[in-house]
Amino acid sequence: MTRRIPVPAGKHPQAGGRALFEFEDKSLALFNVDGQLFAIDDSCPHQGASLCGGRLEGRVIQCRAHGLRFDLLSGYLLNSTQVKVTHYPVEIIDDQAFIIISEESAP
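Quick notes on the rules
- Residues numbered from 1 in each chain as written.
- Predicted model: local features only at pLDDT ≥ 70, side-chain atom pairs only at ≥ 80, totals over all residues.
- Heavy atoms only, no water.
- Pairing = 2+ DSSP bridges.
- Helix = DSSP H or I, 4+ residues; strand = E, 2+ residues; numbered from the N terminus.
- Axes fitted to C-alpha atoms, helices over the stretch in contact; angles between N-to-C directions.
- Phe/Tyr/Trp six-rings, centres within 6.5 Å; stacked < 30°, edge-to-face > 60°.
- Buried < 20%, exposed > 50% of the residue type's maximum accessible area, 1.4 Å probe, protein only.
- Salt bridge = Lys/Arg side-chain N within 4 Å of Asp/Glu carboxyl O.

> Just to check I follow, could you spell out the sheet that holds strand β5 (residues 55-57) for this structure?
Strand order in the open sheet formed by three strands is β5-β6-β7, with antiparallel pairing between adjacent strands. Bordering the open sheet on either side are β5 and β7 (69-71), each of which pairs with just one other strand. The sheet shows a mean angle of 25° between the axes of neighbouring strands, direction not considered. In terms of strand pairing, β5 meets strand β6 (residues 60-62) through three bridges, oriented antiparallel. Across the sheet, the residue bridging to R55 is Q62, located in β6.

> Please explain the packing of aromatic side chains as it appears in this structure.
Two aromatic rings are characterised by how far apart their centres lie and by the angle between their planes. Considering all chains together, one arrives at one aromatic pair under this definition. Geometrically, the ring pair formed by F21 and F23 is stacked, given 5.7 Å between the ring centres and 25° between the ring planes. For F23, a relative accessible area of 11% translates into the label buried.

> I tried to follow the pattern of salt bridges on my own but got confused; where do I start?
Pairing is possible between side chains that carry opposite charge, provided their charged atoms lie close to one another. Enumeration over the complete set of coordinates arrives at four salt bridges. A salt bridge links E24 to R3, with the shortest nitrogen-to-oxygen separation between them at 2.6 Å. Placement of the pair is E24 in the loop between β2 (18-23) and β3 (26-33) and R3 in strand β1 (residues 2-6), with a sequence separation of 21 residues.

> Any chance you could explain the pairing of strand β10 (residues 96-102) here in plain terms?
Two faces make up the sheet, and in a regular strand the side chains alternate between them. With six of its seven residues buried, β10 lies for the most part within the structure. As paired elements, strand β9 (residues 90-93) and β10 share four bridges and run antiparallel to each other. Paired with I93 across the bridge in β10 is Q96. Hairpin connection from β9 to β10: two residues lie between these consecutive antiparallel strands, with D94 at a positive phi of about 50°.

Encoded structure:
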């Protein structure tokens, strides 16, 4: 099953920005990198620290707690395919952003 979760206008980050978006039992970090939106779980898979406030370089987010760096496109830890943060596709339809939640992306 696939769900499209609309992102409220106030949670749509501007270019270079980020926003925390919560719905149901999920806390997601949204990032706008050069006009492209990325959505990931806001919990580092290492020890659960928030990723939203981490250092952003291009499409790489660095966890503030221990410095782990994740690719926002794939969710994988840089230089690894063993550790991954759950990431979600984002679609824009008529200027409305939707986070796509599917069974495959659910942890």
